[in-house]
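One letter stands for each residue in the lines below.
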Amino acid sequence: MSTLITSLKTSLTGYVRYRGREGHLSFVLHRLTGLGTLLFLTIHIIDMAAFYWAPDFFRAALDLYRTWPYQIGEIALVFAVLFHGANGIRIAVVDMFLPHKWAIQAERNAVRWTLAITLVLWLPAALYMGIRIFNPEFNLFFG
Amino acid sequence: MRYSGILMIPLVWGHIILQDVIVGVHAIDANYVAARWGALFWQVYDIALLGFAFAHGMNGLRNVLTDFIRSQSVMRALNVLLFLVWLTLTVIGAVAIMLATQSALATVTSAS
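Here goes a summary of the coordinates provided.

Conventions adopted
Residues numbered from 1 in each chain as written. Chains lettered and ligands numbered in written order. Predicted model: local features only at pLDDT ≥ 70, side-chain atom pairs only at ≥ 80, totals over all residues. Heavy atoms only, no water. Phe/Tyr/Trp six-rings, centres within 6.5 Å; stacked < 30°, edge-to-face > 60°. Buried < 20%, exposed > 50% of the residue type's maximum accessible area, 1.4 Å probe, protein only. Axes fitted to C-alpha atoms, helices over the stretch in contact; angles between N-to-C directions. Helix = DSSP H or I, 4+ residues; strand = E, 2+ residues; numbered from the N terminus. Parallel < 35°, antiparallel > 145°, perpendicular 65-115°, else oblique. Left-handed = near helix turned anticlockwise from the far one by under 90°. Nonpolar A, V, L, I, M, F, W, Y, C, P; charged D, E, K, R; others polar. Contact = heavy atoms within 4.5 Å. Salt bridge = Lys/Arg side-chain N within 4 Å of Asp/Glu carboxyl O. Polar contact = N/O pair within 3.5 Å; in protein donor to acceptor, adjacent residues only side chain to side chain.

### Focus: the packing of aromatic side chains
All names here are of chain A.
And then number 1: Tallying each qualifying case throughout the model produces 12 aromatic pairs over all chains.
And then number 2: With a centroid separation of 5.0 Å and an interplanar angle of 75°, the aromatic rings of Phe 51 and Phe 58 are classed as edge-to-face.
And then number 3: The class of Phe 51 is buried, set by a relative accessible area of 7%.
And then number 4: Through a chain of ring-to-ring contacts, the aromatic side chains of Phe 40, Tyr 65 and Tyr 70 assemble into a single cluster.

The following block contains the structure:
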């Protein structure tokens, strides 16, 4: 059994071709948001470690993060973290406490709820961060 | 994965909502980081973030790779490589969080 499972390999085209609707979409999004977040996290550990090890590099990294392409990326990063977390809760809760919810229709509903919750959390943050790209002084929280 | 994941909901969501949304990258500079890492609470918080998030992410990458890599020897080599990258970055990051405050405070004080 274990040999069978370890010999099951996939390919990138298999990711796109499989038509599993919501379940498939959430699987692909979970991987993309996870890998994207890991990419930024790796860079982020290096730039924050540079605060101690190489302060000039830290300042250069901050200047780069203040440019608009990075700020758009930052909005995408917030989406990635919110979706990955919300979807992760869905998977863990269904797996541990509600295994009957793996039935296809129930899973489709759960995925739609997960996307809805993600958007409700993300859209206000995205709007706020989007305005701040044009106006760095814009701040609702500190006078 | 799932226990570190559930713990990271408050840790990571709190971190991005505070730093990316509320404070924002324009308000973050060396003085901000020095003040933050001058507080034991934020040092512990950031070390927990570093420890849980990076381990969770590297383990996830390992899981994704096992779906694509057919050769077991290549996979073993990648496991070793990922472990070394994880260990190196975790150590340099944790050292920075623990030791930065003294040197940073010295710089800020001498500059003012």
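### Quick notes on the packing of helix α5 (residues 68-97) of chain A against helix α6 (residues 104-134) of chain A
Residue and element names in this part refer to chain A.
And then number 1: Taken N-terminus to C-terminus, the directions of α5 and α6 make an angle of 155°; their axes are 9 Å apart at the nearest point. Viewed along their axes, α5 and α6 adopt a mutual orientation that is roughly antiparallel. Regarding α5 and α6, the two cross each other, and that crossing is right-handed.
And then number 2: Residues of the contact of α5 with α6, tallied by class, amount to 18 nonpolar, 5 polar and 3 charged.

### Describing the interface of chain B and chain A
And then number 1: Listed by partner, the interface residues are 44 residues for chain B and 44 residues for chain A.
And then number 2: At the junction of chain B with chain A, the criterion picks out 2 salt bridges.
And then number 3: Its salt-bridge partner being A:Arg31, residue B:Asp67 comes within 2.8 Å of it at the nearest N-O pair.
And then number 4: Those elements that place two or more of their residues in the side of chain B that touches chain A are α1 (2-23), α2 (30-37), α3 (40-68) and α4 (72-111) of chain B.
And then number 5: Grouping the amino acids of the side of chain B that touches chain A by side-chain chemistry returns 30 nonpolar, 9 polar and 5 charged.

### Here's the deal with the environment of A:Arg59
Residues and elements named next belong to chain A.
And then number 1: Inspection of the secondary structure assignment puts Arg 59 in helix α4 (residues 55-65).
And then number 2: In the structure, Arg 59 is positioned 12 residues away from Asp 47 in sequence and 8.8 Å away in space, judged by C-alpha atoms.
And then number 3: A polar contact is formed between the side chain of Arg 59 and the side chain of Asp 56, at a distance of 3.0 Å.

### Remarks on the pattern of salt bridges
Residues and elements named next belong to chain A.
And then number 1: As enumerated under the stated definition, the model contains 9 salt bridges over all chains in all.
And then number 2: The salt bridge partner of Arg 112 is Glu 22, with a shortest N-O separation of 2.7 Å. Separated by 90 residues along the polypeptide, Arg 112 in helix α6 and Glu 22 in helix α3 (residues 21-53) bring together distant segments of the chain.
And then number 3: Residue class for Glu 22 comes out buried when judged on its relative accessible area of 13%.
And then number 4: Among the salt bridges present, the one from Asp 63 reaches Arg 66, with a minimum N-O distance of 3.6 Å.
And then number 5: In this structure, a network of salt bridges that share partners links the residues Arg 21, Glu 22, Arg 108 and Arg 112.

### Things to note about the environment of B:Ser73
Residues and elements named next belong to chain B.
And then number 1: With respect to the secondary-structure elements, Ser 73 resides in helix α4.
And then number 2: Its relative accessible area of 46% is what places Ser 73 among the partly exposed residues.
And then number 3: Once the C-alpha coordinates of Ser 73 and Gln 43 are considered, the two residues, 30 residues apart in sequence, prove to be 39 Å apart.
And then number 4: At 3.1 Å, the side chain of Ser 73 and the side chain of Ser 71 are in polar contact.

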